[in-house]
Amino acid sequence: MRSRRIALWTAALVAYAFLYVPLVIVVAYSFNDSRLNAEWVGFTFDWYRKLAENDEMIAAAGNSLLIALVASLVSTVLGTMAGVAMHRYRMRVLPVLVLTPIAIPEILMGVALLIFFVMLNVTLGLVSVAIAHIAFCIGFVAIVVRARLAGMDESLVEAARDCGATPWQAFVRVTLPLIMPGVVAGALMAFTLSIDDFVITFFTAGAGTVTLPLQIYSMIKIAVTPEVNAVSTLLMLLTLVLIVVAARISPSLLRTK
Amino acid sequence: MTGATLGALRESRWGKWAVAGPPLLYLVVFFAIPTLIMVAASFRSPGEFGGLAPFVGDDGRLDLTLESYVRLAEDTVYLEVFLKSVVYALVTTLACLVLAYPLAALIAQSPKKYRDLMLLLVILPFWSNFLIRVYAWMIILGPNAALAKAVNGVLAVFGVEPVPLLFSSFAVLVCLVYVHLPFMVLPLYANLEKHDRALLDAAQDLGASAWQRFWRITFPLSLPGVYAGAALVFIPALGIFAIPDILGGPNDSLIGNLIKQQFLETRDWPFGSVLSIVLTVAALALAGLAAWVGRRGAEEIARA
């Protein structure tokens, strides 16, 4: 029994190490005073300073933030509506449309939207990327919101209706405050998914528009440089903060994804 | 919901469409229609300068053809890439299962108060940027890094030529496993957590060894979780293009790379569409098969 537990712990620790060592290395080398990313030389903030002077990178970060803000805002509104609709009404087509983008290989959505935009003569750029991000974020928000609704006490809405509230009033005054944690968590999730997305952005951004992941991609295709480590570290920090906040607001989030 | 409110809501049908309409419309326009256009594009011929040929040609004939499908069926090069992708995705799924199982089992056996934290630690890396996680392996497997030196040092003792770790199938597979591991842990944990310990205790009382208890009780009961995890790993792994693109060698091109090439380099939309459609159908079919086998397995165990 005891030896079995030790074996289990060892295997689990190997798996945890496998998950974390690569990320720790990326972070550690962002402070390493060497171009090579091969062995520890000494501590430095140089790579962060270089990053602050890298105009391309800053422009890419600006694009990413802008897209993520718009995409999370719009997809939260649409995703919440979809979540409410799927919870309250018998919908046949909506759940399929909401869930398929999550279930199919990402690349399919990327190429389908590429054909679509080019055929309609839509210039590929910030707008086409935002449209694409909204389309895949709606599903994630809808799932979180619907999970929240499933745990809600419906008698509260009934009570409001019995007291003479219109359906709209009952929704705004009762349902919405109750599902708010789910909505906010969904919004943070959408923001994270958008700012991190590479595949769909890769196909819908066109030649002139660069987001942070696209910038990282073109940098690592050329060479490994500690500047990438620095921007990666900052991006990880941002994601970590967003996820911790989202998880605090809605603990169930951890089990929905 | 009681009958009264349900009735009130049904009364106002406009309410339903006011709520469901906007997301429905958005997804029809920006997901369903683009997907249908892509399906339609797979039956057309490529244009002279990329894109599609005009629908009505100079000779007045409509541009509808099965050419791209025939090309996929006839040229074994594409079939080979498909097979290679399936093999990579299968190896990834198996490796994830082997790594994830002990972890999920340990979390399921741990005291309740620690479980959320242990799960969070599994999910957290998944939330860091995908490219960063790929990039990390460029560093670890790099020619100047400690790992490559150690491996080649050992190989040199046996007189074997040094092998590059980066830009190889090995690098691609390690990273595929790394990126998809959380998808296997979560459904496995969700299943293992529900197991009734009394079954194991009973088996032990009847003299079953730890090994027997695992293979005769725990593992068969966990099959629905195994299949769910397998589907969650297999589908994205099958369509991946960035990992072989960044970490692979010249022979590691997978179906995802082929699709990317058709759309961004050769600009053959019809053939790219055919590849995308076949990829999606294959992924969904295999996942559906896994789900079906999983449900059958669960039913059989429930009956036994």
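Residues numbered from 1 in each chain as written. Chains lettered and ligands numbered in written order. Predicted model: local features only at pLDDT ≥ 70, side-chain atom pairs only at ≥ 80, totals over all residues.

1. Description of the overall build of chain B
Okay, step 1: The helix and strand inventory of chain B stands at 14 helices and zero strands.
Okay, step 2: For chain B, the C-alpha radius of gyration of 25 Å lies well beyond 19 Å, the compact-globule estimate for 304 residues.
Okay, step 3: Split into buried and exposed, the 304 residues of chain B put 40% on the buried side.
Okay, step 4: Sequence-distant contacts, at least 24 apart, represent 70% of the contacts inside chain B between residues at least 6 apart. (Helix = DSSP H or I, 4+ residues; strand = E, 2+ residues; numbered from the N terminus. Rg over C-alpha atoms; globule rule 2.2 N^0.38 Å. Buried ≥ 20, exposed ≤ 12 C-beta atoms within 10 Å, placed from the backbone. Contact = placed C-beta atoms within 7 Å.)

2. Some thoughts on the overall build of chain A
Okay, step 1: If you tally the helices and strands in chain A, you get 12 helices and zero strands.
Okay, step 2: Helices and strands in chain A line up, N terminus first, as α-α-α-α-α-α-α-α-α-α-α-α.
Okay, step 3: For the C-alpha atoms alone, the extent of chain A along its principal axes is close to 70 × 65 × 30 Å.
Okay, step 4: Each of the 257 residues in chain A was classed as buried or not, and the buried ones make up 49%.
Okay, step 5: In chain A, once contacts between residues fewer than 6 apart in sequence are set aside, the share between residues at least 24 apart is 78%.

3. Some details on the packing of helix α3 (residues 55-88) of chain A against helix α4 (residues 93-103) of chain A
All names here are of chain A.
Okay, step 1: Remark: α3 packs on α4, axes separated minimally by 10 Å, with the N-to-C direction vectors making an angle of 135°. Comparing the axis directions of α3 and α4 gives the class oblique. Pair α3 / α4 crosses with left-handed handedness. Contacts between α3 and α4 involve Ala82, Ala85 and Met86 from the former and Leu94, Pro95 and Val98 from the latter. (Axes fitted to C-alpha atoms, helices over the stretch in contact; angles between N-to-C directions. Parallel < 35°, antiparallel > 145°, perpendicular 65-115°, else oblique. Left-handed = near helix turned anticlockwise from the far one by under 90°.)

4. Quick word on helix α1 (residues 2-29) of chain A
Residue and element names in this part refer to chain A.
Okay, step 1: With 28 residues, α1 should reach 40 Å at 1.5 Å per residue; the first-to-last C-alpha distance of 39 Å fits that figure.
Okay, step 2: At tyrosine 20, α1 shows its strongest bend, of approximately 30°, with the proline proline 22 following within four residues.
Okay, step 3: Listed as buried for α1 are Ala12, Ala15, Leu19, Pro22, Val26 and Tyr29. (Expected span 1.5 Å × (residues − 1). Bend = angle between axes of the 7 residues up to and from the residue.)

5. Considerations on the packing of helix α4 (residues 76-109) of chain B against helix α11 (residues 223-238) of chain B
All names here are of chain B.
Okay, step 1: Across the interface, α4 lies against α11 with an axial gap of 9 Å and an inter-helix angle of 140°. One finds that α4 runs oblique with respect to α11. Here α4 runs over α11; the crossing is right-handed. Note on element contacts: α11 touches α4 through Val226, Gly229, Ala230, Val233, Phe234, Ala237 and Leu238, opposite Ser85, Val86, Tyr88, Ala89, Thr92, Thr93, Cys96, Leu97 and Ala100.
Okay, step 2: Broken down by class, the residue content of the contact of α4 with α11 amounts to 12 nonpolar, four polar and no charged. (Nonpolar A, V, L, I, M, F, W, Y, C, P; charged D, E, K, R; others polar.)

6. Focus on the confidence of the model for chain B
Okay, step 1: Looking at chain B as a whole, the pLDDT averages 84, with 93% of positions reaching at least 70.
Okay, step 2: Here the complex is predicted with pTM 0.86, and the ipTM for its interfaces comes to 0.87. (pLDDT = per-residue confidence, 0-100.)

7. As for the environment of isoleucine 107 of chain A
Okay, step 1: Summarising the element assignment, isoleucine 107 of chain A is placed in helix α5 (residues 106-119).
Okay, step 2: Residues isoleucine 107 of chain A and alanine 205 of chain A lie 98 residues apart in sequence; the distance between their C-alpha atoms is 14 Å.
Okay, step 3: If sequence neighbours within four positions are ignored, isoleucine 107 of chain A has contacts with Val199 of chain A together with Gly239, Phe241, Gly256, Ile259 and Ser276 of chain B.

8. Here's the deal with the interface of chain A and chain B
Okay, step 1: Taken residue by residue, the interface counts 71 residues in chain A and 73 residues in chain B.
Okay, step 2: At 15 residues, the largest contribution of residues to the side of chain A that touches chain B is made by α1 of chain A.

9. Points about the environment of asparagine 152 of chain B
All names here are of chain B.
Okay, step 1: With respect to the helices and strands, the residue asparagine 152 is situated in helix α7 (residues 146-157).
Okay, step 2: Asparagine 152 gets classed as partly exposed once you count the C-beta atoms within 10 Å, which come to 17.
Okay, step 3: Placed 12 residues apart in sequence, asparagine 152 and proline 164 show a C-alpha to C-alpha distance of 8.6 Å.
Okay, step 4: Once residues lying within four places of it in the same chain are set aside, the contact partners of asparagine 152 are Pro162 and Val163.

10. A look at the nonpolar core
Nonpolar side chains tend to gather and get buried jointly when the protein is soluble and globular.
Okay, step 1: Counting residues in each nonpolar core, the largest one holds 161 residues, and the members touching the most others are Ile138 of chain A together with Trp137 and Cys175 of chain B.
Okay, step 2: The residues contacting tryptophan 137 of chain B, other than those within four sequence positions of it, are Pro22 of chain A together with Ala171, Val174, Cys175, Tyr178 and Leu247 of chain B. (Core = buried A, V, L, I, M, F, W, Y, C linked by C-beta atoms within 7 Å.)

11. A word on unusual backbone geometry
Residues and elements named next belong to chain B.
Okay, step 1: Its identity as a non-glycine residue notwithstanding, phenylalanine 167 has a phi of 55°, on the positive side.
Okay, step 2: For phenylalanine 167, the position within the fold is in the loop between α7 and α8 (169-192).
Okay, step 3: Even without being glycine, arginine 267 reaches a positive phi, approximately 55°.
Okay, step 4: As for its placement among the helices and strands, arginine 267 is situated in the loop between α13 (255-264) and α14 (269-303).

12. Brief notes about the environment of leucine 19 of chain A
Okay, step 1: Along the chain, leucine 19 of chain A falls in helix α1.
Okay, step 2: Residues in contact with leucine 19 of chain A, not counting those within four places in the same chain, are Val122, Pro125 and Leu181 of chain B.

13. Comments concerning the confidence of the model for chain A
Okay, step 1: Of all residues in chain A, 97% attain a pLDDT of 70 or more, and the chain-wide mean is 86.
Okay, step 2: The lowest-confidence element of chain A is helix α12 (residues 253-256) of chain A, averaging 50 in pLDDT; the highest-confidence one is helix α9 (residues 199-204) of chain A, averaging 93.

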